[in-house]
Amino acid sequence: MSVSESYRENWESYWRGTSDAPGEAIWDADPALSAARDVDRLAPHADLSLPIVDLGCGNGTQTRYLATRFGRALGVDLSHAAVAHARRADPAGTAEFRQLSLTDPAAVRELREDLGDVNVYMRAVIHQSDAPDRRPVAEAVATLIGRRGRGFVTELTEESKATLARLAESPGGPPLKLRRVFDHGLKPADAGNAEVPDLLAEAGLRILAEGPTALAQTEQWADGSRVELPARWFVVAGVAAG
């Protein structure tokens, strides 16, 4: 199975039209507000000496932070343009970046063979994937973590739709960063609340810990406060993991 060409092109066009300026993507929050907190939730359950793979890494902001907490960090993304952004933003080679479709099982298995068991970081990928692609995305997590690795998965909840709708109704219409998401045919918060844990279980993953959270965005409300989208996080292991 592979993603549709229209879905792939939507992401290519989005990233081709995005500058290298930090925070231009609405989800490109400072790692102190995202990956740093997430790694603290993952750490009690994971072997931090294993590499970590950032699935759907975008321009690599979170991947570069992950490289400071793990011995090796690799970011993968469906979009060639996103990977190009990530590499330009990391001239020192703090992290590694590759183009990869999570719905390509052969490519995922090849990565697993290259790296062995890894930890996985996946922030808000399932909710915006096309419905037929969501289970393969969850299965990619299971393949990569193997027996020793652990995964950190965080996804928007249905409640975030109301937040996005309210933001879209701002005076003057949706803020530019949100408008660009819609203009490129991307679909935030498209998965239901029960769907994510069900997909994880169907992929052979066991939930070790979970809880509510909010994904910080780079847009602000009229009063200057940061937009945050309701979400839920999960730490997962393979069923056969010790």
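Predicted, not measured: the structure shown is a model, and the values here were computed from it. (Residues numbered from 1 in each chain as written. Predicted model: local features only at pLDDT ≥ 70, side-chain atom pairs only at ≥ 80, totals over all residues. Heavy atoms only, no water.)

Enquirer: Explain the side chain of Asn-119 to me, and be specific about the residues and the numbers.
Expert: Looking at where Asn-119 falls in the secondary structure, it is placed in strand β4 (residues 119-123). For Asn-119, a relative accessible area of 0% puts it in the buried group. At a separation of 2.9 Å, a polar atom in the side chain of Asn-119 contacts the main-chain carbonyl oxygen of Asp-47. Every residue in contact with Asn-119, bar those within four places of it in the chain, is listed here: Ala-46, Asp-47, Leu-48, Leu-50, Pro-51, Ile-52, Val-53, Phe-70, Gly-149 and Arg-150. (Helix = DSSP H or I, 4+ residues; strand = E, 2+ residues; numbered from the N terminus. Buried < 20%, exposed > 50% of the residue type's maximum accessible area, 1.4 Å probe, protein only. Polar contact = N/O pair within 3.5 Å; in protein donor to acceptor, adjacent residues only side chain to side chain. Contact = heavy atoms within 4.5 Å.)

Enquirer: Please provide a residue-by-residue account of the pairing of strand β6 (residues 205-220), values included.
Expert: Sheet analysis places β6 next to strand β7 (residues 226-238), joined by twelve bridges and oriented antiparallel. When the sheet's bridge partners are listed, Ala-214 is paired in β7 with Pro-230. If you look at the hairpin formed by β6 and β7, you'll find five residues sitting between the two strands, and Gly-224 has a positive phi there, around 90 degrees. (Pairing = 2+ DSSP bridges.)

Enquirer: Can you explain the environment of Ala-21? Please cite residues and give values.
Expert: With respect to the helices and strands, Ala-21 occurs in the loop between α1 (5-16) and α2 (35-42). Taking the C-alpha atoms as reference points, Ala-21 and Gly-151, separated by 130 residues in sequence, lie 29 Å from one another.

Enquirer: An account of the packing of helix α6 (residues 131-145) against helix α9 (residues 195-202) is needed here, citing residue identities and associated values.
Expert: At a minimum axis separation of 8 Å, α6 and α9 run at an interaxial angle of 55 degrees. With respect to α9, the element α6 is oriented oblique. In this structure, α6 meets α9 at a crossing whose hand is right-handed. Taken together, the residues of α9 that come into contact with α6 (itself represented by Arg-134, Arg-135 and Ala-138) are Glu-195, Leu-199, Leu-200 and Glu-202. Here the contact of α6 with α9 is built from residues that sort into three nonpolar, no polar and four charged. (Axes fitted to C-alpha atoms, helices over the stretch in contact; angles between N-to-C directions. Parallel < 35°, antiparallel > 145°, perpendicular 65-115°, else oblique. Left-handed = near helix turned anticlockwise from the far one by under 90°. Nonpolar A, V, L, I, M, F, W, Y, C, P; charged D, E, K, R; others polar.)

Enquirer: Provide a residue-level description of the pairing of β4, including the pertinent values.
Expert: Across the five residues that make up β4, a large majority, five, are buried. Every second residue of β4 is oriented toward a common face, with Asn-119, Tyr-121 and Arg-123 on one face and Val-120 and Met-122 on the other, all of them buried. Sheet analysis places strand β1 (residues 52-55) next to β4, joined by four bridges and oriented parallel. Paired with Asp-54 across the strands is Tyr-121, a residue of β4. Two strands pair when backbone bridges link them, and β4 and strand β5 (residues 151-156) are joined in this way by four bridges, in the parallel orientation. From the neighbouring strand, Arg-123 faces β5, where its bridge partner is Thr-154. A crossover links β4 with its parallel partner β5, the connecting element being α6, and its sense is right-handed. (Right-handed = clockwise from strand over helix to strand, strands pointing away.)

Enquirer: Please provide a residue-by-residue account of the packing of α1 against helix α4 (residues 80-88), values included.
Expert: For the pair α1 and α4, interaxial distance at closest approach is 7 Å and the crossing angle is 35 degrees. Facing α1, whose interface residues are Glu-12, Trp-15 and Arg-16, α4 presents His-80, Ala-81, Ala-82 and His-85. Of the residues assigned to the contact of α1 with α4, the class counts are three nonpolar, two polar and two charged.

Enquirer: Go over the packing of aromatic side chains, please, and point to the residues and values.
Expert: When we look at a pair of aromatic rings, we describe it by the centre distance and by the angle of the planes. Inspection of every chain in the model, using the stated rule, returns seven aromatic pairs. Where Tyr-121 meets Phe-152, the ring centres are 6.0 Å apart and the plane angle is 20 degrees; that geometry is what we call stacked. Of the two residues, Tyr-121 is situated in strand β4 and Phe-152 in strand β5; the sequence distance between them amounts to 31 residues. Pair check on accessibility: Tyr-121 and Phe-152 agree, each one buried. Between Phe-152 and Trp-233, the aromatic rings sit 5.8 Å apart at their centres with planes inclined by 15 degrees, giving stacked as the arrangement. Within this pair, whereas Phe-152 is found in strand β5, its partner Trp-233 is found in strand β7, the two being separated by 81 residues in sequence. Judged by its relative accessible area of 11%, Trp-233 is buried. Three or more aromatic residues link up through ring pairs in this structure, and these residues are Trp-11, Tyr-14, Trp-15 and Trp-27. A cation sits over an aromatic face here: Arg-166 above Trp-221, 4.0 Å from the ring centre. The aromatic ring of Tyr-14 is capped on one face by Arg-180, whose charged end is 4.4 Å from the ring centroid. (Phe/Tyr/Trp six-rings, centres within 6.5 Å; stacked < 30°, edge-to-face > 60°. Lys NZ or Arg CZ within 6 Å of the ring centre and 35° of its normal.)

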